[in-house]
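# Per-entry structural report
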4 protein chains.
Amino acid sequence: MDTLTIGLVGSGFMGRAHAQAFRAVGGLFDLPLTPVLDLLSDRDAATAAQAAAALGFRRHTGDWRALVADPAVDVVAIATPNRLHAPIALAAIAAGKHVYCEKPLATTLADARAMMAAAEARGVVTLVGFNYLKNPMIALAREIVESGDIGTVTGFRGIHAEDFMADPAHPFTWRCEPDNAGGALADIGSHILAMARHLVGDITAVAGRLHTVHPGRPVMAGAAGTRPVTVDDQAHALVEFANGATGTITASWIAQGRKMQLAFELVGTKGSIAFTQERFNELRLYQSGGPAGRDGFRTIVAGPEHRDYGAFCPAPGHQIGFNDLKTIEVKALVEAIGAVRAGRKAAAYPDFRDACEIERVAEAIRVSARERRWIEVATV
Amino acid sequence: MDTLTIGLVGSGFMGRAHAQAFRAVGGLFDLPLTPVLDLLSDRDAATAAQAAAALGFRRHTGDWRALVADPAVDVVAIATPNRLHAPIALAAIAAGKHVYCEKPLATTLADARAMMAAAEARGVVTLVGFNYLKNPMIALAREIVESGDIGTVTGFRGIHAEDFMADPAHPFTWRCEPDNAGGALADIGSHILAMARHLVGDITAVAGRLHTVHPGRPVMAGAAGTRPVTVDDQAHALVEFANGATGTITASWIAQGRKMQLAFELVGTKGSIAFTQERFNELRLYQSGGPAGRDGFRTIVAGPEHRDYGAFCPAPGHQIGFNDLKTIEVKALVEAIGAVRAGRKAAAYPDFRDACEIERVAEAIRVSARERRWIEVATV
Amino acid sequence: MDTLTIGLVGSGFMGRAHAQAFRAVGGLFDLPLTPVLDLLSDRDAATAAQAAAALGFRRHTGDWRALVADPAVDVVAIATPNRLHAPIALAAIAAGKHVYCEKPLATTLADARAMMAAAEARGVVTLVGFNYLKNPMIALAREIVESGDIGTVTGFRGIHAEDFMADPAHPFTWRCEPDNAGGALADIGSHILAMARHLVGDITAVAGRLHTVHPGRPVMAGAAGTRPVTVDDQAHALVEFANGATGTITASWIAQGRKMQLAFELVGTKGSIAFTQERFNELRLYQSGGPAGRDGFRTIVAGPEHRDYGAFCPAPGHQIGFNDLKTIEVKALVEAIGAVRAGRKAAAYPDFRDACEIERVAEAIRVSARERRWIEVATV
Amino acid sequence: MDTLTIGLVGSGFMGRAHAQAFRAVGGLFDLPLTPVLDLLSDRDAATAAQAAAALGFRRHTGDWRALVADPAVDVVAIATPNRLHAPIALAAIAAGKHVYCEKPLATTLADARAMMAAAEARGVVTLVGFNYLKNPMIALAREIVESGDIGTVTGFRGIHAEDFMADPAHPFTWRCEPDNAGGALADIGSHILAMARHLVGDITAVAGRLHTVHPGRPVMAGAAGTRPVTVDDQAHALVEFANGATGTITASWIAQGRKMQLAFELVGTKGSIAFTQERFNELRLYQSGGPAGRDGFRTIVAGPEHRDYGAFCPAPGHQIGFNDLKTIEVKALVEAIGAVRAGRKAAAYPDFRDACEIERVAEAIRVSARERRWIEVATV
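Residue and element names in this part refer to chain B. Spatially, 6 strands are ordered 3-2-1-4-5-6 in an open sheet, and the strand pairing comes out parallel. Of all the strands in the sheet, the pair left with one neighbour each is strand 3 (59-61) and strand 6 (126-128). Put simply, the sheet's adjacent strands are angled 20 degrees from each other on average, direction ignored. Here strand 5 (residues 98-101) runs beside strand 6; their pairing, made up of 3 bridges, is parallel. Bridged to Cys-101 within strand 6 is Val-128. Packed onto the sheet, helix 9 (residues 322-341) meets strand 1 (3-9), strand 2 (34-41), strand 4 (75-78), strand 5 and strand 6 and runs at close to 165 degrees relative to strand 5. Each of strand 5 and strand 6 touches helix 10 (residues 352-371); the most contacted strand, strand 6, lies at about 40 degrees to it.

Next up, the structure:
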């Protein structure tokens, strides 16, 4: 079987998740290509060497440009600080590599668009790491929506809330830098925007409100001096969808007690779906028209009858984990590249174009918050 | 012990709930006055006679004007269609009666203000039926907020969703009439607005979106002809509070599967509270700073250590019901009137002034939705 | 309409609950007779006088014998310490009164049987206060079982756990006295035995284990001296039902954190039901054979389509409370007496015979625990 | 770094889980040895060849005896039908291999004991696949119990229920064979027995009840003929622990709607823990003595502060999956072997001795069920 040679840039949390996913995917799914962990780059050669050994890569380099230019590399996987996404991706595309990039795609909408344009012009396969879309229960949710079994979607109330920045003594980090895709909306809100788009379709207009709750944070842990923060700790938006649905979106990284509340309530004319990532092996479904007095939300537990779950476990209720979502994500990339190699037209999902749409909505929310009026997303 | 003579106008669902509450309250609480179910009026004498017998009133009348004018009546309890709230309340106040009025206070903000002004000028006690505020677990929530134990409130995400109008075949009713306080926002959204104000304080600015999902409904059940609907089936708003908190409010009566989702997530700088009326004998509380690895939302179960619960049951976890909330509500009225009779200055909560504030926010949301811009509540 | 004159013995928690229920029931249900709170007795005249005033009884007495003998009294409601149930009930039956008795029916099985025999010989209506059986959601559970929609019941796993005796410093009380129906099994375990019988049918054999976790308790709060405890703090049993089902029963009053965990999981060949009294307005139902991948337990929320709920509230999800269960219980009594007065044969449920069966199973568990072998309930 | 050469026997669900775990563990944990997927055997060479390719093993064989005898193999991992556990393990031990065996250890207690004796005599490291014990939240539960923070454990109510055999039309399989460790108690009940022992300690006496609900099953899917079933579809037991605690255990594979209800409620004198494998990234904890009116079970969400979680993800609430439990399990094996190679005395947990204890309790339950009396586990 043909191989797919992986070059990974970055070996932090997300880099490790990529490595793990590429390592696992072949044993779990029947793939057209076998991923090979080949070359790893990091900020310097020593770091890269250590990471390559730990994560099972054959080679390493302290220079991402060398990785991108390496003829043996088929896929450039980008798990760097956000600011590097654009230069690395653009260089990789220019070198004809397929690109797997973490979200957010870029730190400006202009960069994101340039990346999309370059990728489409060059015809490479791209994939962006909105891994929560890969959950079998979200696949089920989308299937239910598309089947029409809950009628037309009319309402969506979504949130992504965590509490890792809730403590005002949490120091200033790159996440607080506005030109580094900082802020709750950009950092985690993009996941719920991606989810909304995945399930309901394009968002066409927004009214947003950004809120910097802690306007200064220590320059470093325990330091006395503070550094001003201008990005949002929480963000709220009213949204209108192309299909006529309306709703709200919230993002917060100061939501005390919430660890991974990527959650939504989706209402259709004949039923509803409710979900939270904190119990992501479950989906709650209500369908109207059931027997009187016996209706209610049913809690569906993930099992092999749901897309991709069976690859991990043949028994229901045993549960998949976060890293498994990443493995499913990687599968989409390998399949798309396999198809392209076989001469078929194929794209992975969500690709750079999808990610641009998500970034565009986030940008529209920012503009709306600034101008205190509704913004048509198409104008951004 | 002195008595408090009740005149009840209306014997539908809410009228019955009033009667039940006045009948039960004396056996449960130690009150300064004993409520006496005296006079009941309804649309005609026959209906009133039957209701008076069923609900245990001594007398009846087919004319609410007679009830309001009756010198024996101390309290006029109004449980009529919304349109009658204002004329009955104004007449009752003019006659020097205390007034217990169901929400919404009136069908226009102007009427509500006139009612408030009249009541305050005449010095009568007023109470408006936002019964969900009377829940012992909501008392606990407010106590927690006021104690500062969860820091400063910075976020509020509230909803009141039900599904009684979800079926597009549900006929046009008075709830669909704009001049009768129709629409999801006015009809049930006012409860979550009241809750937000109760726990976080005044809302100062809003950006709203009203959505009529089903623009026509059958003129009556099973009829072929439809009648246009202009009120909202669902409403969304961004809100800013006087204390600086921000958040979202949603109201919907088409939320399939939701029976009584009056729910909120309230975030403070040191903790969070989560609640849903569908499990109203529970409150979920998170406080930061707990032992590492053992933190989490705790589910507090209502018990006698929570305000008013012990009057119903000395054992925790046994649960109070909807009608018990109404009984607690009535207690507030009887206590306030008792205090006034004893020469003290007293008000029940929420009174006409409180209700006006709630109506004002709802109106601001409507204006905002029309004009597609933020509205300062003070300007309405 | 004819009246039904109530004589209530005892004005503690349960006495008040009786009074409240008799007072409320007429305004909520369409009854053949109107209950009248007539005569209240308590340990002495002063206590009785005060309670009669507070609870709305016309008359009072310090002597239950006088109450039982009073010709005006139709129903004797017994809410006294357990030890008095038998003498009062037997005297009331001898006087031809209908009897409404709190559980446990008596402190010995022999007494319980004597009470049953006397009542049946005299032809009076009896009712025992297993109020949790009156929950509309339990009515639904029974309906589902009887419909065959979940096939044949094959398993039952029940528990009644609370924590009011969990603190070893909790003083010795009458609940600790073996000859006063003390112990977790007798005191609260009887509720889950009643529930098991209600839903699955008679229990035919048991293997039990009683466990006195705290063998001594302070003679009174804060006292240094302790008094030996011989009754069970927790009890466990294996059970076999007449229909072939098997399962387990647990009772505990030391289950830290549990306030009202009267809970069960009932398994049938085609579905399952799960319930806990801590969320008693919900029932969880699973039915096999649903669409692949969309199956799951559904959470049914109590509403007017469920038996008796609509009398309290016309809207689903608003919830009934503990006292409302007591009101539904009282309704059964009034209806049965009404039927008897109208010349029909009628019994309330659960009556003295039902209660005897429940006591018999508890006794069999005690015997089994002592002898460390299975006991056929029929032999007790 | 030294390597640890793995020989895997069997490539079904559990074989794949083993392979996946050995492949992943090195990239996630800092280990003394690097596992190498070397040799895979299966029922025939062709099956083995295909599985070896899919799972990433270097070599394959159709004969497990060749694998066991292979000098290059350090660890024999056994994921075969239950009947083969004993012969393979005994041969592997005789060859001086470390053994990682799926549960149940053997199909008879005698075999299990022989395996334990052989392993201890030969001094090899053994590990048995009770993977649910490896959950970080179970590690937390044990830590809480050991800390004394919930006092002395006095009660345990455990269950392992699934529904994969609930349909009476499900054909007879090896799981229905009594001499193949068939039946709900042996097949899945052993997990809850292992959990009980892990958290509360040794079980010393039992009273059991086995129940064959479906006494015949189709000889194969869709066949008309049925084959008699003698093993239990559900089993119940009363249990006594060495520390004085008492409780119940239930096992069922016909519990409609349950997919992975490995669940327990553990009660201590100062607190309680509740858990279900269907939400295995959560643990519910109650500790007495909290502030009045604010107490309650708290839902702890798995995060990096819990043992082993951080290896998979640095952020809480993201969740680990079933296969990750297997990876943690394998880590214990590699660490123990590393320690032994380094000349230290070390054992993995749970090893053959632990597994024998678990099997012994299951056997005692079976004897008790047959003889309808309590059985001291020590006598089995």
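Past the structure itself, the notes keep going.
Here chain A averages 97 in pLDDT, while 100% of its residues score no lower than 70. In the predicted assembly, ipTM is 0.96 and pTM is 0.97.

Glancing now at the interface of chain D and chain C. Listed as interface residues are 47 residues of chain D and, on the opposing side, 48 residues of chain C. Together, the buried faces of chain D and chain C total about 3400 Å²; carbon and sulfur atoms form 51% of this surface. Together, D:Arg157, D:Gln256 and D:Arg372 form the three largest contributors to the area buried by chain D at its contact with chain C, with a combined 21%. Here chain D and chain C share 6 salt bridges between them. For D:Arg372, the salt bridge goes to C:Glu240, with nearest N and O atoms at 2.9 Å. For the pair chain D and chain C, the interface holds 20 residue pairs in polar contact (both at pLDDT 80 or more). Mapped by element, the contributors of at least two residues to the side of chain D that touches chain C are strand 7 (153-161), strand 8 (203-211), strand 11 (234-241), strand 12 (246-252), strand 13 (261-268), strand 14 (271-276) and strand 15 (282-287) of chain D. Here the side of chain D that touches chain C is built from residues that sort into 15 nonpolar, 21 polar and 11 charged.

The subject of this paragraph is helix 4 (residues 85-94) of chain C. All names here are of chain C. Regarding helix 4, the residues found buried are His-85, Ala-86, Ile-88, Ala-89, Ala-92 and Ile-93. Against strand 1 (3-9), helix 3 (64-69), strand 4 (75-78), strand 5 (98-101), helix 5 (109-122) and helix 10 (352-371) lie the buried residues of helix 4. Following helix 4 by one or two positions, Gly-96 has its phi on the positive side, about 80 degrees.

With that out of the way, let us pick up the relation of the copies chain D and chain C. For the pair chain D and chain C, the superposition axis carries a translation of 0.0 Å, the fit reaches an RMSD of 0.0 Å, and the rotation angle comes to 180 degrees. Taken together, the rotation and translation relating the two chain copies correspond to the operation of a two-fold axis. Minimal C-alpha distance to the rotation axis in chain D is attained by D:Arg373, lying at 2.6 Å. Of all interface residues in chain D, 100% are interface residues in chain C too; the two copies therefore contact each other through one and the same surface.

A separate point is the side chain of D:Asn82. Residue and element names in this part refer to chain D. Along the polypeptide, Asn-82 turns up in the loop between strand 4 (75-78) and helix 4 (85-94). Under the relative-accessibility criterion, Asn-82 is labelled buried at 5%. If sequence neighbours within four positions are ignored, Asn-82 has contacts with Lys-103, Pro-104, Thr-107, Trp-174, Asn-180 and Ala-181.

Our focus in this paragraph is the relation of the copies chain D and chain B. Structural alignment of chain D on chain B gives an RMSD of 0.0 Å, achieved by rotating through 180 degrees and translating 0.0 Å along the axis. Comparing interface residues between copies, 100% of those in chain D also sit at the interface in chain B, which points to an isologous, same-surface contact.

A word on the pattern of salt bridges. Applying the stated rule across the entire model yields 100 salt bridges over all chains. Ionic pairing is found between A:Asp354 and A:Arg197, a salt bridge with its closest N-O pair at 3.1 Å. Here the residue A:Asp354 occupies a position in helix 10 (residues 352-371), and A:Arg197 occupies one in helix 7 (residues 184-200), the gap between them amounting to 157 residues. For the pair formed by A:Asp354 and A:Arg197, the shared burial category is buried. With a shortest N-O distance of 2.9 Å, C:Asp202 and C:Arg197 are connected by a salt bridge. Judged by relative accessible area, which is 34%, C:Asp202 ranks as partly exposed. For C:Arg197, a relative accessible area of 19% translates into the label buried. The structure contains a network of salt bridges with shared partners spanning A:Asp38, A:Arg58, A:Arg59 and A:Asp70.

About the criteria used
- Residues numbered from 1 in each chain as written.
- Chains lettered and ligands numbered in written order.
- Predicted model: local features only at pLDDT ≥ 70, side-chain atom pairs only at ≥ 80, totals over all residues.
- Heavy atoms only, no water.
- Pairing = 2+ DSSP bridges.
- Helix = DSSP H or I, 4+ residues; strand = E, 2+ residues; numbered from the N terminus.
- Axes fitted to C-alpha atoms, helices over the stretch in contact; angles between N-to-C directions.
- Contact = heavy atoms within 4.5 Å.
- pLDDT = per-residue confidence, 0-100.
- Buried area = accessible area lost by both parts, 1.4 Å probe.
- Salt bridge = Lys/Arg side-chain N within 4 Å of Asp/Glu carboxyl O.
- Polar contact = N/O pair within 3.5 Å; in protein donor to acceptor, adjacent residues only side chain to side chain.
- Nonpolar A, V, L, I, M, F, W, Y, C, P; charged D, E, K, R; others polar.
- Buried < 20%, exposed > 50% of the residue type's maximum accessible area, 1.4 Å probe, protein only.
- Least-squares fit on C-alpha atoms with pLDDT ≥ 70 in both.

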